[in-house]
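In case you want the letters, here they are:
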Amino acid sequence: MSNRPTGRSTGRPGPGRARLALALAALLGGGVLTALPAQAAPAAADGLSVQYRTSAGGATADQTEPWLKVRNTGSSPVQLSQVKVRYYFKADSPSDTYRFACSWAVRGCSVVTGTFGTLGNPTATADRYLEIGFTQAAGTLAPGADTGDLQLRFHRANWQTLRQSDDYSFDGAQTSYANWDKVTAQLAGATVWGAAPEGNDPTDPTDPTDPTDPTDPPGGGQSLFDDFDYSSHTDPAISAHGWNVRANSGGPGVPGATWDPSKVTFVSAGGNSVMNLETSTAGTGASTTHTEVLTRATKFRNGTYAARVKFSDAPKSGPDGDHLVQTFFTINDLKAPMADDYAEYDFEYLPNGGWGEPANILYTTSWETYNPEPWQAVNQHSEQRRSYAGWHDLVVTIDDSAITYYVDGQHFGTHDAQYLPERPMSINFNQWLIDLNGQTSTAPRAYDQQVDYVLHVKDQVLTPAQVAAKVAGYRNAGTGFVDEVPAT
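Residues numbered from 1 in each chain as written. Predicted model: local features only at pLDDT ≥ 70, side-chain atom pairs only at ≥ 80, totals over all residues. Heavy atoms only, no water.

Quick look at the overall build of the protein
For the protein, the helix and strand inventory stands at three helices and 31 strands. Sorting the 488 residues of the protein into buried and exposed places 56% on the buried side. Accessible area of the protein: about 18200 Å², with a carbon and sulfur share of 50%. (Helix = DSSP H or I, 4+ residues; strand = E, 2+ residues; numbered from the N terminus. Buried < 20%, exposed > 50% of the residue type's maximum accessible area, 1.4 Å probe, protein only. Areas by Shrake-Rupley, 256 points an atom, 1.4 Å probe, with all protein chains shown as cover.)

In structure tokens:
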């Protein structure tokens, strides 16, 4: 779990069981209506065409998946940041909100934006639109070139089934790319491709110029992704990417232990660079070293958090049995005992037990608050008593109603709305010893925890399969790091 204040005791995460949270010092270190025949604009000095296909062709689906390619049909280069493409659809109910995601893009999902708008003149097949744009980092599109795949998707915020067969821009039979004039493209504010639903020309002065669904969280969908491809703990890119390799003293864990940045290394595993956190001891506080890597920024709140983590049941050297904790968690600081704006969400694996547990156990815990002395905890946890040695995909989602944990694509636990965060948090990994009671030998021993990647998507709830697709998209595009999440 967390870093706890210096000199404090620790305990298991269940309600009323002694266990402390992260000290502030450690934090510093999401019937078809027929339209008039569409006439695409002819190629000109500035012109675009849009190709479309769908990878979810059913009349209903969990999400709509419009895949697009934008082609420059003109004779001069086009700045993609001046391009807007609209996909038109019919909301499943007037009160519905929707969430956008990019699964993969040739130019990288980090340069693709998606916002929702409401049409001024609703029709039988459209009252909303998804507008796709590009950041400045997307660069230019040469004459005759296209963007390559934009594998996009959107879904109802509550993840209920949506009907797409009555959507203006949808065609379930279109499973390979072809020109599609039921989406529109604008270049520098002028419509140069396609036809909108009748009465909804994007260039009409009455049309909203800043598409946004007012019930959608502003700024949702920005991502943090890190593949942990660094040379060492002193690599300048680690700090440049917003990480702190902890060196300051304090809890949690064995009194007198140190947090050793040099024990955070980067190695190759399965073709990927992974981060390795080593914890070691020779049976005394002075010989014990812990490891932790955390974001310097506390800017993460609702959305999806994911990491691929390798837990270890046995030491890589020396005798086994220590009360070890291997973690992935988010947290903010406790400003006062029982402060109600504290938040923490943990994956904690204890390979040799601890906190009164005799053997291996995996906890997920959602914290509302606590009082260090006398100990009082307000939290909710789920647990599984078995070995979790090896690689595991860990996902936790936070929306306005619940906190939901997944391990290897399987639901692990859902925690109640009273534990939702009131303030942003940091993202953390650490490995540490609860005490020295599990193994009393003075023989040196060392344990490893490894991390393949970390992902956060702001204000969007992704399924584990969608997390996997997003990570694969980054890797296929050669993107090792991106941080679009705005500072709070």
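What about the environment of Leu433?
As for its placement among the helices and strands, Leu433 is situated in strand S29 (residues 426–433). Residues in contact with Leu433, not counting those within four places in the same chain, are Gly253, Val254, Thr279, Thr281, Thr288, His290, Asp322, His323 and Leu324. (Contact = heavy atoms within 4.5 Å.)

What to know about the pairing of strand S15 (residues 223–226)
Going residue by residue along S15, you find Ser223 and Phe225 tucked away on one face and Leu224 and Asp226 tucked away on the opposite face as well. As paired elements, S15 and strand S31 (residues 481–483) share three bridges and run antiparallel to each other. When the bridges of S31 are listed, Leu224 appears paired with Asp483. (Pairing = 2+ DSSP bridges.)

Looking at the nonpolar core
The nonpolar side chains of a soluble globular protein tend to be buried with one another. Judged by nonpolar contacts, the single largest core of 38 residues is most densely connected at Phe228, Trp243, Met275, Tyr305, Phe328, Ile403 and Phe429. In terms of residue count, strand S21 (residues 303–311) provides more of this core than any other element does, four residues in total. Not counting residues within four places of it along the chain, the set of residues in contact with Met275 comprises Phe228, Val264, Thr265, Phe266, Val293, Phe429, Gln449, Gln450 and Val451. With 36 residues, the next largest nonpolar core counts Leu48, Val50, Leu68 and Phe100 among its residues. (Core = buried A, V, L, I, M, F, W, Y, C linked by side-chain atoms within 4.5 Å.)

Some words on the packing of aromatic side chains
Going through the model one piece at a time under the given rule, you end up with 27 aromatic pairs. Plain terms: the ring middles of Phe328 and Phe429 are 5.0 Å apart, the flat faces sit at 15° to each other, and that makes the pair stacked. Of this pair, Phe328 sits in strand S22 (residues 324–331) while Phe429 sits in strand S29; the two residues are 101 residues apart in sequence, bridging distant segments of the chain. For the pair Phe328 and Phe429, a shared accessibility class is recorded, and that class is buried. When the centroid spacing of 5.4 Å and the interplanar angle of 75° are considered together, the rings of Tyr342 and Tyr370 count as edge-to-face. Of this pair, Tyr342 sits in the loop between S22 and strand S23 (344–350) while Tyr370 sits in strand S24 (residues 361–371), and the two are 28 residues apart along the sequence. Over the aromatic face of Tyr129 sits the side chain of Arg86, whose NZ or CZ is 3.9 Å from the ring centroid. Above the face of the Trp259 ring, Arg246 is positioned so that its terminal group lies 4.0 Å from the ring centre. (Phe/Tyr/Trp six-rings, centres within 6.5 Å; stacked < 30°, edge-to-face > 60°. Lys NZ or Arg CZ within 6 Å of the ring centre and 35° of its normal.)

So, the pattern of salt bridges
Within the structure shown, the criterion is met by 19 salt bridges. In this structure, the salt-bridge partner of Arg475 is Asp227, at a minimum N-O distance of 2.5 Å. Here Arg475, found in helix H3 (residues 464–476), pairs with Asp227, found in the loop between S15 and helix H2 (236–240); they are 248 residues apart in sequence, far enough to count as distant. Relative accessible area serves as the criterion here: at 12%, Asp227 is assigned to the buried category. Close ionic contact of Lys263 with Glu278 constitutes a salt bridge, the shortest N to O distance being 3.7 Å. You can see Lys263 sitting in the loop between strand S17 (258–259) and strand S18 (264–269) and its partner Glu278 sitting in strand S19 (residues 272–281), a full 15 residues away along the chain. For Lys263, a relative accessible area of 29% translates into the label partly exposed. (Salt bridge = Lys/Arg side-chain N within 4 Å of Asp/Glu carboxyl O.)

Observations regarding the side chain of Gln466
Here Gln466 lies in helix H3. Here Gln466 is in contact with Gln63, Arg153, Trp159 and Val461, once residues within four sequence places are set aside.

What about unusual backbone geometry?
The amide bond that connects Gly251 to the next residue, Pro252, takes the cis arrangement and shows omega of 10°. Assignment of secondary structure puts Pro252 in the loop between strand S16 (243–245) and S17. With omega at -10°, the peptide bond leading from Glu373 into Pro374 counts as cis. On the secondary structure map, Pro374 appears in the loop between S24 and strand S25 (376–384). Positive phi, normally seen in glycine, also occurs at Asp459, with a value near 60°. Within the secondary structure, Asp459 is located in the loop between strand S30 (445–458) and H3. Judged by relative accessible area, Asp459 falls into the buried class, the value being 17%.

Details of the sheet that holds strand S14 (residues 190–193)
Strand order in the open sheet made by the five strands is S7-S8-S5-S13-S14, with antiparallel pairing throughout. Taken across any chain shown, the strands that pair with only one partner, and hence form the sheet edges, are strand S7 (112–118) and S14. Going from strand to strand, the sheet's axes swing by 30° on average, the running direction of each strand aside. Pairing of strand S5 (residues 83–89) with strand S8 (residues 128–134), which is carried by five bridges, proceeds in the antiparallel orientation. Each bridged residue has a counterpart across the sheet, and for Arg86 the counterpart in S8 is Glu131. (Axes fitted to C-alpha atoms, helices over the stretch in contact; angles between N-to-C directions.)

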